[in-house]
Amino acid sequence: MSARGTTGGADGPPGTTGPVPRRRLRLLSLGTTFAVAFAAVTASVTVLVGILSYNAAARLVRVDQQSVFDEVVQDLQSEVRDNRMEPLDFSSAAPGHDLVRPARTDVQVLGPDGSVFDPGDPGLPVVDADRRIAGAATAGRVVVHAGVDVGDDVYRVATVSLGGERGAVQVAQEFSDTEDLLRALQRRTLVLMAAVVLAAGLFGWWLARRITRRLVVLTNAAEVVARTRRLGIQVPVAGYDEVGRLGRAFDRMLGRLAQSEEDQRRLVQDAGHELRTPLTSLRTNISLLRRIDELPPGTREELVADLTQEARELTDLVNELVELAAGQSDTEPPQRVDLADVAEDVAGLARRRTGREIVVGASGDTTTHGRPVMLTRALSNLVENAVKFDRDGRAPVEIRVSGPARPGTVRVEVRDRGPGIAEDDLTRVFDRFYRAADARSLPGSGLGLSIVREVALAHGGAPYAHRREGGGTVTGFTVGGVAGEGPGEGSGEARGR
């Protein structure tokens, strides 16, 4: 934790040399980023949809108006081609005039010379092209003018000849009011888009606050841990979504780190306590070495023997401490292990070292997912413990491997015919440095069975010990696979003992 502190403070990101200002933190917060991103996406979509909708609506309106105008002009062309028509026939003053005037349509009749025979309302401008059409001999000829200004309005004008140099009819459609309508629609669309963007920003801000609220709790907890190095804090995160799972995983991680720190502290304290006695004895005997020439030969030999024994005990204690620390690590890769084969290897090694008879029995499927070296160390400690306490025994030491008691669970136990373990000691024999009263005169540090416990727990199982019927002790452990790696994780049977 201290190494990470060299590149950034608890309140700042890696690579910084001091805390990030609170204002900058607010600007860079996940909630602000989420709200801005939500508003930006909504704004983009709203603008795109608004533009496309307006363009589609404007195009439909313009196309509709153009279609109406073209239909009126075509009907007029058909009528003057099929019938001999005079200017008077289209005069608005004459009853039964032959041209239907749609809404926002103006009609003006021209005489043969292009003069206005019947003015429109309002009157339409007449240009040279219109006069030529009025004097045309062919009926149905047409000239169209777009964007003709008439007063304050804009018209689309078509002049259709009556033929035979009898004049022409001008049909005009006002489209400035259509454009005014479309501009009003455009303004309303812009206002609506602005309102939608604003509402999206507010909703995004609210949603971001709601989503990131639990992440803020996790962040505050992580900052407290980084600042105070206290691992025992509670992380109050609820829910079953990804944030809830993250909170529970973070809480479990802190719990395991706190337990690991407590185990480390207790190991150091216990080791210091156990080392103090042999070191004191060593210092006493070393002080006697200064007067070794004054001691009788027998006393000298006893002194050397004591030093040798104390050095051996210190060596054994240090080795077991190293094994215990190694047992807590998970650097050894897990793999499929046949515990029956492990038992055979351990039995063979024990026979060569002690000369005792070691028998192995196996039943069922004895394979599991675990770390072979750790499992071998645990079983070796059980066998060595049995041989040590049954030093003068004639009955063989038995290793039993059976499985599965339940799916994925394998049981390993060692049976001896030694003096047995007192009932009061059965629940404590797997504690670190604990030694029963009748075992304190024997060599050992009290760490062997503690290593068995650590290995069993690391493999999803638990150790156990009980008195054997007919005399002796049964010690062993269950294995349910490496915790978090293989099958049988968190075996209920192992934890229920």
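It should be emphasised that the depicted structure is a prediction, and the values quoted were computed from it without experimental measurement.

So, how was this worked out
Residues numbered from 1 in each chain as written. Predicted model: local features only at pLDDT ≥ 70, side-chain atom pairs only at ≥ 80, totals over all residues. Heavy atoms only, no water. Helix = DSSP H or I, 4+ residues; strand = E, 2+ residues; numbered from the N terminus. Buried < 20%, exposed > 50% of the residue type's maximum accessible area, 1.4 Å probe, protein only. Contact = heavy atoms within 4.5 Å. Areas by Shrake-Rupley, 256 points an atom, 1.4 Å probe, with all protein chains shown as cover. Pairing = 2+ DSSP bridges. Axes fitted to C-alpha atoms, helices over the stretch in contact; angles between N-to-C directions. Expected span 1.5 Å × (residues − 1). Phe/Tyr/Trp six-rings, centres within 6.5 Å; stacked < 30°, edge-to-face > 60°. Lys NZ or Arg CZ within 6 Å of the ring centre and 35° of its normal. Parallel < 35°, antiparallel > 145°, perpendicular 65-115°, else oblique. Left-handed = near helix turned anticlockwise from the far one by under 90°. Nonpolar A, V, L, I, M, F, W, Y, C, P; charged D, E, K, R; others polar. Salt bridge = Lys/Arg side-chain N within 4 Å of Asp/Glu carboxyl O.

> Please clarify how the overall build of the protein chain should be interpreted in this entry.
The secondary structure content of the protein chain amounts to 10 helices and 12 strands. Within the protein chain, the fraction of its 497 residues that count as buried is 39%. Across the protein chain, every contact between residues at least 6 apart in sequence was considered, and the portion connecting residues at least 24 apart equals 62%. For the protein chain, the exposed surface amounts to about 28400 Å²; the carbon and sulfur share of it is 54%.

> Whenever I open this one, the sheet that holds strand E4 (residues 153-161) confuses me. Can you help?
Strands pair in a sheet through their backbones, by hydrogen bonds, and they do so in one of two ways: parallel or antiparallel. Spatially, the five strands line up as an open sheet ordered E2-E1-E5-E4-E3, and their pairing is antiparallel. Every interior strand has two partners, whereas the edge strands, strand E2 (116-118) and strand E3 (142-150), have only one. Each strand of the sheet is rotated relative to its neighbour by a mean of 30 degrees, with strand direction disregarded. Strand direction decides the pairing type here: strand E1 (residues 105-110) and strand E5 (residues 168-174), joined by six bridges, are antiparallel. Residue pairing in the sheet places Thr105 in a bridge with Gln173 of E5.

> Would you mind showing me how to read helix H8 (residues 372-389) here?
Two residues of an α-helix separated by three or four positions point the same way, owing to the 3.6 residues in each turn. The first and last C-alpha atoms of H8 sit 26 Å apart over 18 residues, in line with the 26 Å expected at 1.5 Å per residue. Among the residues making up H8, those that are buried are Pro372, Met374, Leu375, Arg377, Ala378, Leu379, Ser380, Asn381, Leu382, Val383, Ala386 and Val387.

> It is not clear to me how the packing of aromatic side chains should be interpreted in this structure. Could you clarify?
Given two aromatic rings, their pairing is described by the distance between the two centres and the angle made by the two planes. This model, assessed by the stated rule, comprises one aromatic pair. Between Arg156 and the ring centre of Phe69, over which it is positioned, the NZ or CZ distance is 5.7 Å.

> Explain the pairing of E1 here, please?
Along any regular strand the residues' side chains alternate between the sheet's two faces. Of all the six residues making up E1, six are buried; the element is thus mostly covered by neighbouring parts of the structure. Both faces of E1 are covered, namely the face carrying Thr105, Val107 and Val109 and the face carrying Asp106, Gln108 and Leu110. Linking E1 back to E2 in an antiparallel pair, the connection comprises five residues, with Gly114 at a positive phi of about 90 degrees.

> Hey, could you run me through the packing of helix H7 (residues 339-354) against H8 in this one?
In a packed pair of helices, the relevant descriptors are the angle between the two axes and the axis-to-axis distance. Two elements in contact, H7 and H8, have axes whose closest approach is 10 Å; the angle formed by their N-to-C orientations is 40 degrees. Classed by the angle they form, the pair H7 and H8 counts as oblique. Here H7 runs over H8; the crossing is right-handed. Contacts from Leu339, Val342, Ala343, Val346, Ala350, Arg353 and Thr354 of H7 reach H8 at Leu375, Thr376, Leu379, Ser380, Val383, Glu384 and Val387. The residue inventory of the contact of H7 with H8, partitioned by class, reads nine nonpolar, three polar and two charged.

> Which parts of the structure should I look at to understand the pattern of salt bridges?
Applying the stated criterion to the full structure yields seven salt bridges. With a closest N to O distance of 3.8 Å, Glu86 and Arg166 form a salt bridge. Of this pair, Glu86 sits in the loop between helix H2 (30-82) and E1 while Arg166 sits in the loop between E4 and E5, and the two are 80 residues apart along the sequence. According to the relative accessible area criterion, Arg166 is buried, its value standing at 13%. Between Arg453 and Glu454 there is a salt bridge, with the nearest N and O atoms lying 3.5 Å from each other. Here Arg453 falls in the partly exposed class, since its relative accessible area comes to 31%. Here the salt bridges share partners, and the residues they tie into one network are Arg84, Glu86 and Arg166.

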